[in-house]
Every structure is written in C-alpha cells, then in structure tokens.
Amino acid sequence: DGKKLFTTNAYGHNTPYDVCQITLSTAYDITSASSYTGIKLNDGDTDVGLSLNEAQGLAFNEDGTKMFVGHNDSESGTLGDYPAWLFEFDLSTGFDVETAKYNNVSINLTTVGVTEVVGIEFSKNGRSLFVADPNQEVIHQISLSKGFDLIDWYELDPEVVKVCQKHLPKIC
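Below is a summary of the structure that appears in this document. (Residues numbered from 1 in each chain as written. Predicted model: local features only at pLDDT ≥ 70, side-chain atom pairs only at ≥ 80, totals over all residues. Heavy atoms only, no water.)

Summed over all chains, the structure comprises 8 aromatic pairs. Here Phe68 and Phe122 contribute two aromatic rings whose centre-to-centre distance is 4.6 Å and whose plane-to-plane angle is 55°, an arrangement assigned as tilted. Here the residue Phe68 occupies a position in strand β5 (residues 66-72), and Phe122 occupies one in strand β8 (residues 119-122), the gap between them amounting to 54 residues. Note on Trp85 and Phe87: the rings are 5.9 Å apart at their centroids and 15° apart in plane angle, and the pair reads as stacked. Relative accessible area serves as the criterion here: at 3%, Phe87 is assigned to the buried category. (Phe/Tyr/Trp six-rings, centres within 6.5 Å; stacked < 30°, edge-to-face > 60°. Helix = DSSP H or I, 4+ residues; strand = E, 2+ residues; numbered from the N terminus. Buried < 20%, exposed > 50% of the residue type's maximum accessible area, 1.4 Å probe, protein only.)

This is the structure we're talking about:
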C-alpha cells in the first residue's frame, strides 16, 4: 500500500538496526515518515550467529511472511575474500520486520561463486533468486525447486548475466 519502506544498513555497527522499517503516513511520500523501527542480526530471535552485521540486500515473498537478507561477513577477510550469506526469516505478520524470527535457513553464497552481495531479488514465482555482485560486475541466478524456499536451492544457473554500471547503476 506504499506506507512502508525497507532498507538495510550495510555497516550498521553503530546504528540501532541492520534491517530498517520506516512507516509513512502518506503512501509513497518519504517526507511523511512517521516511525522508524527494525531488527539487529545478532540479537534474540533474529540472531544469525555472526558478530558483525553488514546487511546488504533485502527481499520478501509475495505476502511478506518471509524475509531474505543478504550479508557480507567482513570479519573473515578483506573485501571480496569473505563469505557472502543469504538468511531467511519468518514473519508472523506480513511485512512487519519486528515480528521476524530467524528460521536457521541460509545459503553461503560464496559456494555458488558470489564474492559480495549488494542486492537480492526474486522472480515473481520465487523460483529464481538474483544476487548482485559488484566485485564481478555480474548478477548471479540461483534456481530454487520451491518458490521462496532456500532449503531447496539446487543449482546455480550456468548463465551469469553480465551487468555494467551504465545499465543497472542502482545495483552495481
């Protein structure tokens, strides 16, 4: 309905939230922001088991009851050398990040060739996952056997879509 805005804090070490939810009193009008809330990725029900939180990329399933958050674990090395992750959360209320619970489902994206995640998106039916990787200037496509279900991912599509900054500047 245009009254919620979601974002991640890539380097949220000193910020209150890693995944942010901003409520707008007027649909699609960011000047009408009326509240700001969110979650940390290392706290309570949303703890994914990493000490540093570098959330990058956020997507939901069609009814908002599943949330997917990209993460780069820079504690493990230098840029491009550390694991890139995708974590899955269940939301008891659709599109309300405060109701999120980590369901212990994740993909180490490094195992499918991703060096850094900066954006994620699903196809309409949720069976294709697209991951933007700025280090390689590509978008990786990962096939899922069930829509919006990371448990059943099974292959990396051999076609890697090359992307340059002039075509997709918001992702690259």
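That covers the picture; the talk isn't over yet.
Further remarks concern the sheet that holds strand β1 (residues 4-8). Think of a sheet as strands paired side by side through backbone hydrogen bonds, with each pair either parallel or antiparallel. The 3 strands lie next to each other as β1-β2-β3, forming an open sheet whose pairing is antiparallel. The open sheet is flanked by β1 and β3 (33-39), the only strands paired with a single partner. Ignoring which end each strand starts from, the neighbouring axes of this sheet average 20° apart. The pairing of strand β2 (residues 19-24) with β3 spans 6 bridges and is classified as antiparallel. Bridged to Leu24 within β3 is Ala33. (Pairing = 2+ DSSP bridges. Axes fitted to C-alpha atoms, helices over the stretch in contact; angles between N-to-C directions.)

Let us now look at unusual backbone geometry. Glycine aside, a negative phi is what most residues show, and trans is what most peptide bonds show. In this structure, Asn104 takes a positive phi of about 65° despite not being glycine. With respect to the secondary-structure elements, Asn104 resides in strand β7 (residues 100-108). Residue classification places Asn104 among the exposed positions, given a relative accessible area of 66%. Residues other than glycine seldom take positive phi values, yet Phe148 does so here, at roughly 55°. Tracing the chain through its elements places Phe148 in the loop between β10 (138-144) and β11 (153-156). For Phe148, a relative accessible area of 8% corresponds to the buried category.

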